[in-house]
Amino acid sequence: MPLDPLPTTDTPPARPLRWGRWLALLVWSAIAAGAWGVYSGMVHVPPQLNPWAPLDVMAQPGLLTRYKLSRARNDPARCLAALATTGMQYDTLPDRSTGDGCGFQNAVRLRTAAIRIGAPLPLSCPMALSFFMWERHALQPAAQLHMGQRVAGMDHLGSYACRNVNRGEGAPPNAPARARSRHATANALDISAFTLADGKRITVLKDWPDEDAATAPAPRELLLRDAHSGACKYFKGVLGPDYNAVHKDHFHLETGGYSMCR
């Protein structure tokens, strides 16, 4: 007698649990919960380890300093709040348009800083904030390390100017129109020399180290080298004598645009 066929079912066989997926979900959930706790203030962490804490301009630079500086530069209110803690003296400037691609927003007229700057400088808030961070955390430590004293003053070639990028001589006469310089929006500053506390003057033109020199670089040359490399940590763009002949006598420091350290 033939046996009856076994009953069939449309239910698919049970699939094994994917423990790896569940574990990853639990881990990401824990990370998200922790991040929310830090952001909301329910979980306390030291400010230097909290990415949402305001930039502390006086604190020693740490893992999150560059992120916090970038965040402040990109937010006008945060920038001005951070700038107010620097101790520099400045006047806020009304937004202004002075020509095609020229003018500034969220800018200040910097009157005094920790070093002598000469005549007041019109700078965007991001530039003024970056200038303070560089002077305090890069320039002065380099001066103490290599010269045993502080930088007391600087010489500059200007900040705000409604002009195009200066690429130097030799451009073909039919070259396309050049882009506006960051100077045209008060987002750049050119520095040509530093004066130390004892009155000694160090210039970019005369004291920039020669990579082909047979002798070891002098302390003043090391100071300039460290001041340049340190600027790359606090400004968006830095150009010096190794970039081209136009910059043989100064450091060009800027915020905005593409990141560059040349």
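Refer to the structure printed above.
Residues numbered from 1 in each chain as written. Predicted model: local features only at pLDDT ≥ 70, side-chain atom pairs only at ≥ 80, totals over all residues. Heavy atoms only, no water.

(A) Region of the structure containing the packing of helix 2 (residues 65–73) against helix 4 (residues 125–147). Packing of helix 2 against helix 4 leaves a shortest axis separation of 9 Å and a crossing angle of 155°. By the angle between their axes, helix 2 is roughly antiparallel relative to helix 4. As helix 2 runs across helix 4, the sense of the crossing is right-handed. In this structure, helix 2 uses Thr65, Leu69, Ala72 and Arg73 to contact helix 4, whose residues at the interface are Pro126, Leu129, Ser130 and Met133. Classifying every residue of the contact of helix 2 with helix 4 by side-chain character gives 5 nonpolar, 2 polar and 1 charged. (Axes fitted to C-alpha atoms, helices over the stretch in contact; angles between N-to-C directions. Helix = DSSP H or I, 4+ residues; strand = E, 2+ residues; numbered from the N terminus. Parallel < 35°, antiparallel > 145°, perpendicular 65-115°, else oblique. Left-handed = near helix turned anticlockwise from the far one by under 90°. Contact = heavy atoms within 4.5 Å. Nonpolar A, V, L, I, M, F, W, Y, C, P; charged D, E, K, R; others polar.)

(B) Spatial organisation of the sheet that holds strand 4 (residues 107–112). Strand order across the open sheet formed by 3 strands is 1-4-5, with antiparallel pairing between neighbours. Bordering the open sheet on either side are strand 1 (89–93) and strand 5 (121–124), each of which pairs with just one other strand. The sheet shows a mean angle of 30° between the axes of neighbouring strands, direction not considered. Sheet topology note: the strand 4/strand 5 ladder contains 4 bridges and is antiparallel. Paired with Val108 across the two strands is Leu123, which belongs to strand 5. Of the strands in this sheet, strand 4 and strand 5 are in contact with helix 4, which crosses strand 5 at around 100°. (Pairing = 2+ DSSP bridges.)

It is worth stressing that arrangement in space is one thing and function is another; only the former is reported here.
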